[in-house]
Structure formats: structure tokens, C-alpha cells
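Structural features, examined
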Amino acid sequence: VSIMNAKRSSAGEEEASGMSNETLGESGCLGEAKRQQVIRVTYVIAALDLTFLFMQMGVVPSLGLDSVGFGCLQTIFGVLQLVGGYIFGRFADQFGARAALILSCASGSIFFLLMSLSINIPLLFFSRLPGVFMHGVPGAQKVITDMTTPPQRAGTLGKLGFCFGVGIIAGSVVGGVLSTKFGVYVPIYVGLVGNLINILIAMVWIPSQTKPKSDHHVTEHSDLFSIREILHLMKFPGVMEVFIVKVFAGLPIGLFMIMFSIISMDFFGLEAVESGYLMSYFGVLQMVVQGLVTEKLASHCSEMTLLRLSVFVFASVGLGMALMRTVWHYCIIVVPMVFAFNMLATITDSMLTKAVPSSNTGAMLGICASVQPLTRTVGPTVGGVLYKQFGVSSFGYLQLIVNLGLFVYLLKSKIPLEEVKSQ
């Protein structure tokens, strides 16, 4: 009897160990020090990717594009990202996070190469085509998701927001300096070479396989784009509810940010340089919130509590936006805005990747990554109508109404989220 009990105990320990290793995939064999090293390298790749992306944004208007053309260019890029987000996620599930990162960086290199050859407006629009696979942040999220246990995930994913802040500040500053001193195409050349360097970093430092080996059969023969698979993921307990909150809670703020360049000039009376300083301030806040606040809160509070908190703060931000009159008011309001925006993005990504099998985390991250391109696609039209017809306060009232409704919904409903390790 004692021998049989010992065997059962040993089997139970092996099963628990298998579940843990399955959650981490091949990373379970790497050791904690190696996993942390891979995660840090992933942060570097993400920060560089975002820096190169923001560097070229200040260059585009210099190529002879007016405000209407620039809006069309952004819309086309948003549509491409919207279409490619889910396909990229499915690619990451089938071929691994490293292959996905390399695909994103290679697409970035082609993107900058085509930009360097854009001697006219049609070629500039054509250069946006590789954007369909330029998903550096979702690729980094996939690596981190595979490399962390569920309790670690929210805090580790949250630090990617720090990379976003670095990208905003470094990209805007470096891009402006390089284009002013050395020519408008120099930031584009830097982005081209930088993405090639990112490919080498990923090939050397990121393991070839990070997702659970036992899940390979789930997606091995699946199509990269499958509406049925999207519907299947949305049927997991709580996934649809959390995704709806993710989409609608930040939508009014997203519309406001798309129109910000116009609002900063018309409503606040700022010049281009002052708008740049304001964006740098936004980037610093992003770094502080994601680097110091998100991980600490995630370690002390449940994810549902943090989701409710972010939605409530968003509602308060909406009231402040409806009442703001000067740029100084906005500087105060943007502090809780950045907190809520980043907390919502991090917590929902963490909750959704835990709610689906580990073989589908890339697809789920791809769906999540499509939220911002969707906003960029509809934003110029919807935001333009709101601003022209009802003014800046309309964004605030919309934000307040939508998030109050979502907050009441989250208080009354019990979202049946459960962690799914494999299927």
C-alpha cells in the first residue's frame, strides 16, 4: 500500500511539473536566469522597433504630403495592421515567437527600404504594404507570454509600456535631429539598418521554440487566417466580455488622440514644437506608469479589480476632458489617462491570454493588437465629425458615458474567466 501511495504521489508531482513546464514551453528547460535574459532582450527589440517607427512619422510630412494625404496614409496603414494582426498572431502560434519577431523586423526593413525609394506620393503609399506584418509589440508579447507563468504575466507584459515610452521620446527626438542635420532620408536609412540588427539579435538571443511542444498539433495544419478560429476563441468563458471592455473603454480616448494634432493647434493654440514637448511628456508618463506602477499593483490586486479600476478612472478622465479649457488642464488630466490606458491594455491582454489554450496565445494577442489599428481606421472620420459638430468636450462626455456603463456592467456581472493551460 505504501509503495502504491508513493507511486501515486510521484505521478501527481510529475503531472504538476508537466503542467508548469507546459505553461512555459521550452522555456521551462532554460532556467530562470536564461528566461529573464530572453525577456530583457525582447524589451530591447521592442524599444528599438518602436523607436524606428516613431522616427519616420516626423519625416513623412517632409515628403510633400498635406494633412489630408497624411490622414489617408495613416488610415491605409491602420487597415493593413488591422488585417495583418490576427494573421501575424496565427503565424506566431504555428512557427514560434522568434520566427514572428524576425518576420516583423524583416517587414520593417522592407518598409524603410521602400520609403527610401519614395520619390513621389504613389510610391510613399506603396511603401505601407509591408505594414501588414509589422507587429513588433505583439511579437514581443508572444515571447513574454510563453516565457512567464500566469501569475507573472501581467507585470511582465506591463513593462512593454516602458518600451513604448522610450520609443515615443527617442524616436521623435532622434528622428527630428537626424532629418534636420543630415537630411530627410537619414532616419529612414537608420530604420532600415536598425531592423536588420534586430533580426540578428532575435536570431542569437531568442530561443527557436518558446511555446509548449505538446500543443504543436493544435495549429500545425490550420490556415493562417480562419474566421472559425476567431469565433472559437471568443467562445471561451469570459473572453468575449473582456474583449468588448477592451475595445470600447479606450475608444473615445483613441479618437481624441487621433485628432490631437489638430486639437493642439486649434483648441490649445500650440505650435508644432510645443506639441512635440507635450508628446514627450506623454511618453515620460508612460514610462513611469508602466515601469513603476503596473507591476506593483498587479502583484497586490486581482486582475478583475484592476480592470474595474481602470474603467472607473477612464470615466473620471472623461469628466475632466469635458470640463477642460487649457493645455494645463490637459497636462493634469493626462496623468490618470495614461494610467488607465496602460492598465486596461496590460490587464486585458493578460486575462485573455490566460483564458485561451497556450497554443492560441499568439492568435489572441493578434486579435488584441487589432484594436488600435481599428481605432486608427475609423478614427479620422468619426473623430473629425465629433470635433467639428460638438467640439472637444464631446470626446469627454462620450468617454464618461461609455465607461460608466462598462463599470456598472463589470460590477453586476461575474465574468466566468478560467485559466486554460492546454487543449
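Right, let's walk through the structure included here. Since the model is a prediction, treat every value here as computed from it, not as a measurement.

Side note on the overall build of the chain
From N to C terminus, the chain includes 20 helices and zero strands. For the chain, with 423 residues in total, the buried portion stands at 51%. Long-range contacts, defined here as pairs at least 24 residues apart, represent 86% of the contacts in the chain between residues at least 6 apart. Of the accessible surface of the chain, which amounts to about 18700 Å², a share of 69% is contributed by carbon and sulfur atoms.

Quick word on the pattern of salt bridges
Two side chains carrying opposite charge are able to pair once their charged atoms lie near each other. Under the criterion given, the structure shown has six salt bridges. Glu229 is the salt-bridge partner of Arg90, the closest N and O atoms lying 3.8 Å from each other. With Arg90 in helix α3 (residues 67-95) and Glu229 in helix α11 (residues 227-234), this pair connects stretches of sequence that are 139 residues apart. Judged by its relative accessible area of 1%, Arg90 falls in the buried class. The class of Glu229 is buried, set by a relative accessible area of 15%. Taking the shortest distance from any N to any O, the salt bridge between Asp349 and Lys246 comes out at 2.9 Å. Remark: Lys246 occurs in helix α12 (residues 239-249) and Asp349 occurs in helix α17 (residues 327-355); sequence separation between them is 103 residues. This pair shows no difference in class: Asp349 is buried, exactly as Lys246 is.

Cut-offs and rules
- Residues numbered from 1 in each chain as written.
- Predicted model: local features only at pLDDT ≥ 70, side-chain atom pairs only at ≥ 80, totals over all residues.
- Heavy atoms only, no water.
- Helix = DSSP H or I, 4+ residues; strand = E, 2+ residues; numbered from the N terminus.
- Buried < 20%, exposed > 50% of the residue type's maximum accessible area, 1.4 Å probe, protein only.
- Contact = heavy atoms within 4.5 Å.
- Areas by Shrake-Rupley, 256 points an atom, 1.4 Å probe, with all protein chains shown as cover.
- Salt bridge = Lys/Arg side-chain N within 4 Å of Asp/Glu carboxyl O.

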